[in-house]
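A structural walkthrough
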Amino acid sequence: MAKQLVDINGLQAKFSLNKDLSPYDMPPHFFTEAQNVRFLDGKAGKILGHSQVLGTPTAAPYWAINWLQGTTDLWIYGGATELYQIDGSTHSTVTRTTGGSYTTIAGTTNNWHGGILGGVLVVTNGLDVPQSFTQAGTDFTDLSDWPSTLRCKAIVPFKNHLVALNLTDSSTEKPFDIRWSDAIPAGASTNGANTWNTASTASESAQVSLSGTKGHVLNGLQLGNELMIYKEDSVYGLTYVGGNFTFRIREVFKDTGMLARDGVVDLGNGSHVFLATNDVLIHNGTSIRSVIDDHMKTFLFNEIDSTYYYKTFLTHNKLKTEVWICFPQTGATNGLPDTALIWNYREDTWTIRDLPNVNYIAKGEIDPGTTNTWAATTTAWQDEAFSWATQEYNPSVDSLLMCGTNDTKLYMADLSTKFDGTNFTMLMERTGLGLNDPTKVKSVTSFYPRIDGTGTVDISIGAELNPFQGVTYSPAVTFNIGQDNKVDCRVRGKFIAVKFENASSNRFRVSGYAFETESVSTR
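Note that the coordinates shown come from a computational prediction; the quantities given were computed from them, not determined experimentally. (Residues numbered from 1 in each chain as written. Predicted model: local features only at pLDDT ≥ 70, side-chain atom pairs only at ≥ 80, totals over all residues. Heavy atoms only, no water.)

1. Here's the deal with the overall build of the protein
Counted only if it meets this: Going along the chain from the N terminus, every DSSP run of H or I of four or more residues is numbered as a helix, and every run of E of two or more is numbered as a strand. For the radius of gyration, the atoms used are the C-alpha atoms, and the globule rule reads 2.2 Å times the number of residues raised to 0.38. Burial classes follow relative accessibility: with a 1.4 Å probe on protein chains only, a residue under 20% of its type's maximum area counts as buried, one over 50% as exposed, and anything between as partly exposed. Contacts are residue-level and defined by heavy atoms, with any inter-residue pair within 4.5 Å sufficient. We count Lys and Arg on the positive side and Asp and Glu on the negative side, and we leave His and both chain ends out. By convention, the point assigned to a charge is CZ for Arg, NZ for Lys, CD for Glu and CG for Asp.
Within the protein, the secondary structure is distributed over 1 helix and 42 strands. In terms of overall dimensions, the protein is globule-like: its C-alpha atoms have a radius of gyration of 26 Å, near the 24 Å expected for 523 residues. Overall, the C-alpha framework of the protein stretches about 90 × 55 × 35 Å when taken along its three principal axes. The burial tally for the protein puts 56% of its 523 residues in the buried class. Contacts in the protein between residues at least 24 apart in sequence constitute 61% of all its contacts with a sequence separation of at least 6. Taken together, the 40 basic and 53 acidic charged side chains of the protein have centroids lying 6 Å from each other.

Here it is, written out as structure tokens:
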């Protein structure tokens, strides 16, 4: 029979990773494996790496937040027993002076959490009195007028109030309870002695129990004019109404809840994405739907470490329109997230990225003047992903700061073509391609990839006669981008496979590829 070209490209449908559907039945634009790949604009390319920034942390960072004190842009990070400040690349301790070091969070299920209310930074570790850092302050202090016996797992600014979630009072756990403060003036951490006094008629403070379902309260995040309260098995909404009730509470979703405390992000378009106990969901406060069904759902929940699942967290990479689901795979070092399952919500594509065992990824401004310099770089000149002073930085869009807890480093994501100065491996593979007729044995003699970029890519072509028999690959061929136009091969089978591999620092993108095939028999 005559030879024919079978073309597959990212314009037919966006390239993406799919590990839930059978490779023998799903459309050809899906890849069956993708590691350290980014699918964007209908192309598949090597993802950007990360580099150390902001100097060397004084202690292993567990959590971080970007905060503006006056005109000074600061990063605050929490260690196991202390809080620290970064001004430029200078690190200093800002732990409370009265009371000293905090109860260690190492070896516990706790982590730092907090936010900014009227310019005041408020944080909690779940074990000690919440801390505040005012605009005029030089260190953290115990939150003023906070009840001395009360603790909370999370604390969230909302309107002019602070909302404390998942309480412990006098060592008695109250995991269904939330307590909100009286209205607090901008720039202050308190409104006087009754700020948290739920018995005072002069205060808007109150404490309620969200005990309609059995799940514990985990976190809260504002969505429009509501504060969404996420429990393990339901979602509630808190709306300010003033008067005797202060806040109105409604049950938003009663059949689904959140897996881990930091498992929710705000897309900034009136939607939240959160990791449920068996799904990844997007909602607008009224309607809710899965974004992962028939894509990566089975894979994700099979891979999350069942012991350290609570360390899973989400982060929003706004510049790339991505949500990163960061989780520890079984056996991850110290149970720290080592993998990010990434959903591009603009293109509805999925991929996987390796992580350097991070306990948290914060969003904020990372001054490229402190990172894109000869002194700061850990990458060789010829391997840099960016021209000097022209990296992918936008001061109006937050960058991602990785808390490298295992390495005692802070990394900026999507910076450089290496992982902290070391080359990393990128892999894309598609198996089970029937190439228009899965009933016929096909001979593939040539493969035509369309790749823009620099350097080389190793390409392997394989085949199998029957589903799940196992792919036999021809030896990998080094494809020189911009010089070569095809890969010669000789494979035969009903189902064809292709694999792209790269372990150097060059960048490239695959927009499509074609197989030159000839049907030779039906068995």
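Continuing now.
2. Focus: the sheet that holds strand β33 (residues 399–404)
Whether parallel or antiparallel, the strands of a sheet pair through hydrogen bonds between backbone atoms. Quick note on the threshold: One bridge is not enough; two strands pair if DSSP finds at least two bridges between them. The axes are straight lines fitted to the C-alpha atoms, using for helices just the contacting stretch, and the angles between their N-to-C directions are given from 0 to 180°.
Read from one edge to the other, the open sheet built from 4 strands follows the order β7-β34-β33-β32, with strand pairing classed as antiparallel. Because the sheet does not close on itself, it has two edges, and the strands there are β7 (50–52) and β32 (360–364). For this sheet, the mean angle separating the axes of adjacent strands, direction not counted, is 30 degrees. Pairing of β33 with strand β34 (residues 409–413) involves 4 bridges; the strand directions are antiparallel. Along β34, the bridge assignment pairs Leu401 with Met412.

3. Examining the pairing of β34
Of all 5 residues in β34, 4 are buried, a share of seventy percent or more. Sheet analysis places β7 next to β34, joined by 3 bridges and oriented antiparallel. Of the residues in β34, the one forming a bridge with Ser51 is Met412. Between the end of β33 and the start of β34, which pair antiparallel, lie 4 residues, with Thr408 showing a positive phi angle near 55 degrees.

4. What to know about the side chain of Asp338
Cut-off, in case you're wondering: The term salt bridge refers to a pairing of a side-chain nitrogen on Lys or Arg with a carboxyl oxygen on Asp or Glu at a separation within 4 Å.
Structurally, Asp338 can be placed in the loop between β29 (322–327) and β30 (339–344). Among buried charged residues, Asp338 stands out as having no salt bridge; its nearest opposite-charge side chain is Arg353, 11 Å away. Apart from the residues lying within four places of it in its own chain, the contact partners of Asp338 are Phe327, Pro328, Gln329, Ala332, Arg353, Asp354, Leu355 and Asn357.

5. Overview of the nonpolar core
What counts, and what does not: Nonpolar cores are built from buried Ala, Val, Leu, Ile, Met, Phe, Trp, Tyr and Cys residues. Side-chain atoms within 4.5 Å join them into one set.
Counting 53 residues, the largest nonpolar core has Ile459, Ile461, Phe500, Tyr513 and Phe515 as its most contacted members. Counting 30 residues, the second-largest nonpolar core is a separate cluster that includes Tyr62, Tyr84, Phe133 and Ile366.

6. A short note on unusual backbone geometry
With glycine set apart, most residues show a phi of negative sign, and most peptide bonds adopt trans. In this structure, Asn357 takes a positive phi of about 50 degrees despite not being glycine. Accessibility expressed as a relative area gives 14% for Asn357, which makes it buried. The phi dihedral of Asp420 falls on the positive side, at around 50 degrees, and the residue is not glycine. Tracing the chain through its elements places Asp420 in the loop between β34 and β35 (426–433).

7. Considerations on the side chain of His316
Let me state the cut-off plainly: Pairs of N or O atoms are called polar contacts if they sit within 3.5 Å, as long as, within protein, a hydrogen donor faces a hydrogen acceptor (for residues adjacent in sequence, only side-chain-to-side-chain pairs).
Here His316 lies in strand β28 (residues 313–317). Of the residues examined, His316 reaches a relative accessible area of 4% and is grouped as buried. Polar contacts involving the side chain of His316 include one to the main-chain carbonyl oxygen of Asp266, which spans 3.3 Å.

8. Side note on the packing of aromatic side chains
Selection rule: Each Phe, Tyr or Trp ring (for Trp, its six-membered ring) is paired with any other whose centre lies within 6.5 Å, and the angle between the two planes then decides the class: stacked below 30 degrees, edge-to-face above 60, tilted in between. Only when the NZ atom of a Lys or the CZ atom of an Arg is both within 6 Å of the ring centre and within 35 degrees of the ring normal do we say a charge sits over the ring.
Taken as a whole and judged by the stated rule, the model has 26 aromatic pairs. Ring centres of Trp146 and Trp196 lie 4.7 Å apart, and the angle between their planes is 75 degrees; on these two criteria the pair is classed as edge-to-face. Taken together, the residues span a long stretch of sequence, with Trp146 in the loop between β15 (141–142) and β16 (150–158) and Trp196 in the loop between β18 (172–180) and β19 (206–209) at a distance of 50 residues. Assigned by exposure class, Trp146 and Trp196 land together as buried. Counting every residue linked through ring pairs, the aromatic cluster contains Phe15, Phe31, Phe39, Phe447, Phe500, Tyr513 and Phe515. The side chain of Lys46 reaches across the aromatic face of Phe424, ending 4.6 Å from its centre. Above the ring of Tyr473, the side-chain terminus of Lys499 is found at 4.3 Å from the ring centroid.

9. Looking at the environment of Thr58
Residue position: Thr58 is located in the loop between β7 and β8 (63–69). Between the C-alpha atoms of Thr58 and Tyr77, which are 19 residues apart in sequence, the distance is 10.0 Å. If near-sequence neighbours (up to four positions away) are discounted, Thr58 is found in contact with Tyr77, Tyr84 and His91.

10. Side note on the sheet that holds β15
Taken in spatial order, the 4 strands line up as β12-β13-β14-β15 in an open sheet, and their pairing is antiparallel. Two strands in the sheet have a free side with no partner beyond their single neighbour: β12 (113–117) and β15. With 5 bridges connecting them, β12 and strand β13 (residues 120–124) associate as antiparallel partners. Bridge pairing in β13 places Gly114 opposite Val123.

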